[in-house]
Amino acid sequence: MTEGAGVHAGQDVPEDLTAAEAGMWEAFRNGSVYDLSSGEAVVDDPHGGHPWGEERTVRARIVAWLLLAGPTALAGRVSSLKLTGVRISGTLDLAGGTVEPYVELERCRFERDVLLPEARVTTLRMVDCSVPRLEAARLQTEGDLHLPRCRFHNGVRLTDAHIGTDLLLNQAIVYRDRTGRSIAADGLTVGQDLQAELLESHGELRLRSAKIGVSLSLRGARLTNPYTRFALNAPQLTVERSVYLTPAGVGGTALSGTTPARGTRVQRFECRGGVRLDDGRFGDAVDLERARFDLTDEQELSLRRVQTPELRFLGEKPQRGKVVLSGARVVNLVDRAAAWPGPGRLHMGGFAYENLVPQGPFPLAERLEWVAAATAEYQPEPYERLAAVLRSGGEDEDAREVLLAKQRRRRETLPPAAKLWGYVQDWAVAYGYRPGRAAVWMAVLWAAGSLAFAHADHPPVNPQGHPPYNPALFTLDLLLPVIDLGQTGQWRLNGGWQWLQAAMILLGWILATTVAAGATRLLRRG
């Protein structure tokens with residue numbers, strides 16, 4: 001076949017095509033499916049080792065000619081390339097080209113790479129195909145790019161690609177390239193959904209600065225990357241609706257997003273390697289229902305500065321690594337106690353949330369442990385945020401308990417003298433958050449002092465004129481440092497009674513000072 005002359009000069013089948021290529025040529029003009037399958041499942045498996053001979057092989061160069069400058073369709077038909085069970089030899093190079101016909105390749109085997117950089121296509125569907133590598137940087141499609149159940153042995157590159165509607169990678173298996181990446185899709189734009197349910201990724205799945213028009217679904221996906229730091233590396237990701245790192249039903253035909261029917265086998269999302277969603281913007285939610293993260297000590301589930309209306313932190317507790325929510329902002333935090341890691345492995349500096357929606361029991365004591373786990377060194381902000389959220393929900397008593405816990409945590413950072421004074425404030429009035437305790441102590445001291453001073457020897461200071469001795473008023477006059485009831489200056493005590501008098505005055509000042517400090521703290525908080 002001379003340099004495409006047969007393609008442009010006439011509509012007859014070029015002479016130098018093989019029988020398989022001639023059949024593909026005619027099917028293209030007719031818009032029909034060209035199926036070279038043998039009918040035997042083992043033989044027709046594109047990922048198996050059974051050889052496919054010349055009878056089902058076409059050259060990639062002929063496929064490219066058909067797509068870029070193929071013959072016109074038969075009368076009343078629409079030309080399209082629909083291949084099933086075909087072996088494509090050579091490199092399919094459509095770089096920079098414009099492909100107008102509809103393309104659907106099912107259970108095909110590519111011997112070499114598929115090159116689509118800077119190409120323009122309408123809709124491209126490759127289903128259950130075996131491909132060494134898909135190179136499609138800056139690809140533009142008007143419609144879908146479907147790659148379900150395909151296997152890519154040396155990775156997929158979709159950097160800065162623009163997909164008009166949906167990108168489907170459901171049940172695909174992608175192995176890493178020479179750089180360690182399975183799917184490199186920095187700057188990817190998808191008009192509607194990116195579905196990668198039950199995806200197997202062996203390497204780094206990279207979506208830096210990608211933009212998804214509707215939702216990103218990784219339901220049931222398994223991401224593995226022991227080679228570098230991240231298995232999912234997607235900082236500055238924008239998703240207009242939700243990100244799903246949740247279970248998927250296996251073996252059913254349910255539509256994406258539906259709850260699997262009872263009895264359906266479920267495969268949860270699993271990630272062996274770090275996850276980075278830093279600076280992401282998600283319009284509806286980030287859903288981690290039953291997600292499993294297998295991290296090393298150096299790896300992280302990082303959600304720094306994420307913004308979303310709802311974070312559903314409902315996965316399994318990572319046994320190693322860190323969970324980082326520093327600077328994240330969410331409206332609803334939906335979580336369960338068992339999902340959070342322990343002390344030293346949770347970081348929440350600057351994490352802002354407006355509502356807590358626990359799933360299952362999450363008592364205040366465990367919520368305080370959750371805050372303590374996030375603050376290896378004392379930080380007031382996590383305690384104050386939790387107290388503000390509880391108070392806005394009408395749980396004032398719990399909010400006070402949180403602020404009391406904050407003061408007790410702060411006390412451990414103080415020098416000895418200040419720490420001692422902190423213990424006194426805690427003992428007396430619980431830092432002002434339990435003011436009723438001061439009244440109890442005052443009543444106890446008043447009763448004890450009244451009983452004791454009733455037996456004290458009390459000669460008057462001025463024998464000529466003095467009021468009647470009243471041990472109850474005398475004790476109260478000692479305990480109230482700013483009020484003069486006219487008793488303490490009228491009587492002289494000696495010996496041990498002087499020490500008791502001094503102790504009562506000191507205790508009164510301590511109670512008064514701690515009450516004042518607590519009241520000041522409450523007023524400042526209000």
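Further up the page is the structure itself.
Predicted model, so just to flag it, every value in this text is computed and none were measured. (Residues numbered from 1 in each chain as written. Predicted model: local features only at pLDDT ≥ 70, side-chain atom pairs only at ≥ 80, totals over all residues. Heavy atoms only, no water.)

1. What about the sheet that holds strand β13 (residues 134-135)?
Condition: When DSSP locates at least two bridges between a pair of strands, those strands are taken to pair. Numbered from the N terminus, helices here are DSSP runs of H or I no shorter than four residues, and strands are runs of E no shorter than two.
Spatial ordering of the open sheet is given by β5-β9-β13-β17-β21-β25-β29-β35-β39-β41-β43, a layout of eleven strands whose pairing is parallel. The open sheet has two edge strands with one neighbour each: β5 (92-93) and β43 (346-347). The sheet contact formed by strand β39 (residues 300-302) and strand β41 (residues 322-324) spans three bridges and is parallel. Following the sheet pairing, L301 is matched in β41 by V323.

2. Let's talk about the pattern of salt bridges
Formally: A pair is scored as a salt bridge if a Lys or Arg side-chain nitrogen falls within 4 Å of a carboxyl oxygen belonging to Asp or Glu. Classification of residues uses two cut-offs on accessible area relative to the type maximum, computed with a 1.4 Å probe and protein chains only: under 20% is buried, over 50% is exposed, and between them is partly exposed.
Under the defined criterion, the tally for this structure stands at 27 salt bridges. Taking the shortest distance from any N to any O, the salt bridge between E316 and R292 comes out at 3.2 Å. In this pair, E316 is assigned in the loop between β40 (307-313) and β41 and R292 in strand β38 (residues 292-294), connecting sequence segments 24 residues apart. Take E316: its relative accessible area is 34%, and that puts it in the partly exposed class. Among the residues examined, R292 registers a relative accessible area of 30% and is labelled partly exposed. With a shortest N-O distance of 3.2 Å, E384 and K406 are connected by a salt bridge. Here E384, found in helix α6 (residues 380-392), pairs with K406, found in helix α7 (residues 396-411); they are 22 residues apart in sequence, far enough to count as distant. The structure contains a network of salt bridges with shared partners spanning D287, E289, E310, R312 and R336.

3. Some remarks on the packing of aromatic side chains
Our working definition: In this analysis, rings of Phe, Tyr and Trp, with Trp reduced to its six-membered ring, are considered paired at centre separations within 6.5 Å, and the interplanar angle assigns stacked below 30 degrees, edge-to-face beyond 60, and tilted for intermediate values. The rule is short: NZ of Lys or CZ of Arg within 6 Å of the ring centre and within 35 degrees of the ring normal puts a charge over the ring.
Scanning the entire structure with this criterion turns up five aromatic pairs. Aromatic rings pair up to connect F313, W340, F351, Y353 and W370 into one cluster. Above the ring of W52, the side-chain terminus of R56 is found at 3.9 Å from the ring centroid. Directly above the ring of F362 sits R367, whose terminal nitrogen or CZ lies 3.6 Å from the centroid.

4. Description of α6
Heads up, the rule is: To estimate how far a helix should extend, the number of its residues minus one is multiplied by 1.5 Å. In this context, the arc is that of the directions from the helix axis out to the C-beta atoms.
The end-to-end C-alpha distance of α6, which contains 13 residues, comes to 18 Å, matching closely the 18 Å that a straight helix rising 1.5 Å per residue would cover. Those residues of α6 that sit buried are P382, Y383, L386, A387, V389 and L390. Down the axis of α6, the sector holding all buried residues measures 165 degrees, keeping them to one side. Count one or two residues on from α6 and you reach G394, which has phi positive near 85 degrees.

5. Notes on the packing of helix α2 (residues 19-30) against helix α4 (residues 60-69)
Worth spelling out the cut-off: Here the axes come from fitting lines to C-alpha atoms, over the contacting stretch only for helices, and the angles between their N-to-C directions go from 0 to 180 degrees. To sort the angles, those under 35 degrees are grouped as roughly parallel, those over 145 as roughly antiparallel, those from 65 to 115 as roughly perpendicular, and the leftovers as oblique. It is the rotation of the near helix from the far one that decides the hand of a crossing: anticlockwise by less than a right angle makes it left-handed, clockwise makes it right-handed. We call two residues in contact whenever any of their non-hydrogen atoms come within 4.5 Å of each other. Residues are grouped as follows: nonpolar covers Ala, Val, Leu, Ile, Met, Phe, Trp, Tyr, Cys and Pro; charged covers Asp, Glu, Lys and Arg; every other residue, Gly included, is treated as polar.
Contact pair α2 / α4: the axes reach a minimum separation of 11 Å and the direction vectors enclose 15 degrees. On the basis of their axis angle, the class for α2 and α4 is roughly parallel. Where α2 crosses over α4, the two elements pack in a sense that is right-handed. Across the interface between the two elements, E21, M24, W25 and F28 of α2 pack against I62, V63 and L66 of α4. Across the contact of α2 with α4, the residue classes break down as six nonpolar, no polar and one charged.

6. Remarks on the environment of V156
Take V156: it is sitting in strand β17 (residues 156-157). C-alpha separation for the pair V156 and V174, spaced 18 residues apart in sequence, amounts to 7.4 Å. Residues within four places of V156 in sequence aside, it is in contact with R133, L134, V174, S182, I183 and A184.

7. What about the nonpolar core?
To keep things clear, this is the line we draw: In this description, a nonpolar core means a group of buried Ala, Val, Leu, Ile, Met, Phe, Trp, Tyr and Cys residues linked to one another through side-chain atoms lying within 4.5 Å.
By size, the foremost hydrophobic cluster in this structure holds 112 residues, and its most contacted members are F110, L188 and L199. Broken down by element, this core gets its largest block of residues, seven residues, from α4. The residues contacting L188, other than those within four sequence positions of it, are L158, D160, A161, I163, L167, L194, L207, S209, A210 and K211. Listed in part, the ten residues of the second largest apolar core include L445, Y469, F474 and L511.

8. Observations regarding the packing of helix α5 (residues 364-373) against α6
Geometrically, a packed helix pair is captured by the angle between its two axes and the distance between the axes. α6 packs onto α5 with a crossing angle of 145 degrees between their chain directions and a minimal axis gap of 9 Å. Between α5 and α6 lies a crossing whose hand is right-handed. In this structure, α5 contributes L364, R367, V371 and A372 to the contact, and α6 contributes P382, Y383, L386 and L390. Tallied by class, residues from the contact of α5 with α6 come to seven nonpolar, no polar and one charged.

9. Here's the deal with the side chain of T308
On the secondary structure map, T308 appears in strand β40. Excluding residues that lie within four positions of it along the chain, T308 makes contacts with F282, D284, A285, V286, R329, V330 and V331.

10. Side note on the pairing of strand β7 (residues 102-106)
Side chains on a regular strand alternate between the two faces of the sheet. Of the two faces of β7, the one lined by V103 and L105 is fully buried and the one lined by Y102, E104 and E106 carries no buried residue. Relative to β7, strand β3 (residues 80-84) runs parallel, the two sharing five bridges. Counted as the bridge partner of K82 is E104 from β7. Relative to strand β11 (residues 124-127), β7 runs parallel, the two sharing four bridges. Bridged to E104 within β11 is R125.

11. Observations regarding unusual backbone geometry
Residues other than glycine predominantly adopt negative phi, and peptide bonds predominantly adopt the trans conformation. Its identity is not glycine, yet D160 carries a phi of approximately 60 degrees, on the positive side. As for its position among the elements, D160 is in the loop between β17 and β18 (162-163). Classification of D160 by relative accessible area gives partly exposed; the value is 44%. Positive phi is not limited to glycine here, since Q171 has a value of about 60 degrees. Mapping Q171 onto the fold places it in the loop between β19 (167-168) and β20 (173-175). Assessed through its relative accessible area of 41%, Q171 is described here as partly exposed.

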